[in-house]
Amino acid sequence: VESPACTLQSCLSKNTYSPEKCTDHMRNLYRCCQAFYDATADKGESTACPMPSVVRRWLKDHSEG
């Protein structure tokens, strides 16, 4: 199983001029990052995840429904 970061990178590579086609992959990665930050009280560090405030803002701005 590919990580959310890898599936996002694959999608972006295939859709260079249409990153909006990768929103579901972005959402999956950011949900994964949010769970990581929740588990580490925002103290965890990951090269695949933006800082916690960016993750929260993106998820808020791109909520489903």
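What you are looking at is a predicted structure, and each value in this text was computed from that prediction instead of being measured.

Rules used in this analysis
- Residues numbered from 1 in each chain as written.
- Predicted model: local features only at pLDDT ≥ 70, side-chain atom pairs only at ≥ 80, totals over all residues.
- Heavy atoms only, no water.
- Disulfide = S-S within 2.5 Å.
- Helix = DSSP H or I, 4+ residues; strand = E, 2+ residues; numbered from the N terminus.
- Axes fitted to C-alpha atoms, helices over the stretch in contact; angles between N-to-C directions.
- Parallel < 35°, antiparallel > 145°, perpendicular 65-115°, else oblique.
- Left-handed = near helix turned anticlockwise from the far one by under 90°.
- Contact = heavy atoms within 4.5 Å.
- Nonpolar A, V, L, I, M, F, W, Y, C, P; charged D, E, K, R; others polar.
- Salt bridge = Lys/Arg side-chain N within 4 Å of Asp/Glu carboxyl O.
- Buried < 20%, exposed > 50% of the residue type's maximum accessible area, 1.4 Å probe, protein only.

A.B. asks: Sorry if this is basic, but what is going on with the state of the cysteines here?
C.D. replies: Each disulfide is one covalent bond, formed between the sulfur atoms of two cysteines. Scanning the entire structure with this criterion turns up 2 disulfides. Residue pairing for C11: its cysteine sulfur links by disulfide to C22, the two sulfurs lying 2.1 Å apart. Between C11 and C22, the disulfide has an S-S torsion of -95° and is therefore left-handed. In this pair, C11 is assigned in helix α1 (residues 4–14) and C22 in the loop between α1 and α2 (23–39), connecting sequence segments 11 residues apart.

A.B. asks: What exactly am I supposed to notice about the packing of α2 against helix α3 (residues 52–61) here?
C.D. replies: Axes are the key here: two packed helices are described by the angle between their axes and the distance separating the axes. Two numbers describe how α2 lies on α3: the axes approach to 9 Å, and their chain directions differ by 135°. Classified by the interaxial angle, the pair formed by α2 and α3 is oblique. For the element pair α2 and α3, the recorded crossing hand is left-handed. Contacts from T23, M26, R27, Y30, R31, C33, Q34 and Y37 in α2 reach P52, V54, V55, R56, W58 and L59 in α3. Classifying every residue of the contact of α2 with α3 gives 9 nonpolar, 2 polar and 3 charged.

A.B. asks: Would you take a moment to explain the pattern of salt bridges for this structure?
C.D. replies: What the rule picks out here adds up to 2 salt bridges. Across the pair R27 and D24 runs a salt bridge, and its minimum N-O distance is 3.1 Å. Taken together, the residues span about one helical turn, with R27 and D24 both in helix α2 at a distance of 3 residues. For R27, a relative accessible area of 10% puts it in the buried group. The shortest N-O distance in the salt bridge between D42 and R56 comes to 3.0 Å. On the criterion of sequence distance, the pair formed by D42 in the loop between α2 and α3 and R56 in helix α3 is long-range, its members being 14 residues apart.

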